[in-house]
Amino acid sequence: MSLIRNAVFAVTGIGVILLYAISGNMYDLHLNRMVAAIIISFGCYIPVTLWSKKKPMIGLLMIPKTCAYMWVIVMGLQLLF
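Predicted model, so just to flag it, every value in this text is computed and none were measured. Starting afresh in each chain, residues are numbered from 1 along the sequence in its written order. Given that this is a predicted model, residues contribute local features only at a pLDDT of at least 70 and side-chain atom pairs are listed and counted only at 80 or more, while totals for whole chains, interfaces and linings are drawn from all residues. Side-chain calculation: all heavy atoms of the structure are included, whereas hydrogens and water are not.

### Details of the environment of N25
Rules: Numbering of helices and strands runs from the N terminus, with a helix taken as a DSSP run of H or I at least four residues long and a strand as a DSSP run of E at least two residues long. Any two residues whose heavy atoms approach within 4.5 Å are treated as being in contact.
Along the polypeptide, N25 turns up in the loop between α1 (2-23) and α2 (32-51). Excluding its chain neighbours within four sequence positions, the residues that come into contact with N25 are H30 and N32.

Laid out in structure tokens, this is it:
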């Protein structure tokens, strides 16, 4: 059930990754690092959604996922200031 519930989220994430990868260097914004942060975030989140019921310790992957989100916020704020 968790796979079905998160399928839309995964498709949206792949779309965002593709958009940042395609337009990452436009106007010298250097958003290719954003692609890396999003991939790290999804790479840590997918195992949690698939296997956390069988192996609860895999939930610790939410920590690097959160760090990747913080990195995205920092990169976004650097664009503003």
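### Examining the side chain of T49
We apply this condition: Any pair of nitrogen or oxygen atoms within 3.5 Å is treated as a polar contact; in protein, a donor-acceptor pairing is required on top of that, and neighbouring residues in sequence qualify only through side-chain atoms on both sides.
By secondary structure assignment, the location of T49 is in helix α2. Within polar-contact distance, the side chain of T49 engages the backbone oxygen of I46 at 2.8 Å.

### Here we look at the side chain of S41
Note on placement: S41 falls in helix α2. Sequence-distant contacts of S41, defined by excluding residues within four places in its chain, comprise K65, A68 and Y69.

### Quick look at the packing of α2 against helix α3 (residues 62-80)
We apply this condition: Lines are fitted to the C-alpha atoms to define the axes, a helix being fitted only along its stretch in contact, and any angle between axes, read from their N-to-C directions, falls within 0 to 180 degrees. An angle counts as roughly parallel when it lies under 35 degrees, as roughly antiparallel when it exceeds 145, as roughly perpendicular when it falls between 65 and 115, and as oblique in every other case. Throughout, a crossing is termed right-handed when the near helix is turned clockwise from the far one, and left-handed when it is turned anticlockwise from it by less than a right angle. We call Asp, Glu, Lys and Arg charged. Ala, Val, Leu, Ile, Met, Phe, Trp, Tyr, Cys and Pro are nonpolar, and the rest, Gly among them, are polar.
Two elements in contact, α2 and α3, have axes separated by 8 Å at closest approach and are oriented at 155 degrees. Taken together, α2 and α3 sit at an angle that is classed as roughly antiparallel. Here α2 and α3 pass one another in a crossing that is left-handed. Within the contact between the two elements, α2 uses R33, M34, A36, A37, I40, S41, C44, Y45 and V48 and α3 uses M62, P64, K65, A68, Y69, W71, V72 and M75. Split into classes, the residues belonging to the contact of α2 with α3 amount to 14 nonpolar, one polar and two charged.

### A closer look at the nonpolar core
Definition in use: Only buried residues count toward a nonpolar core, which is a set of Ala, Val, Leu, Ile, Met, Phe, Trp, Tyr and Cys residues joined through side-chain atoms within 4.5 Å. Three labels apply to residues, based on accessible area from a 1.4 Å probe with only protein chains included: buried if under 20% of the type maximum, exposed if over 50%, partly exposed otherwise in between.
Counting residues in hydrophobic clusters, the biggest one holds eight residues: I17, L31, M34, V35, A37, I38, F42 and M75. Here the element with the most residues in this core is α2; it accounts for five residues. In this structure, L31 is in contact with Y20, G24 and L79, ignoring residues within four places of it in sequence.

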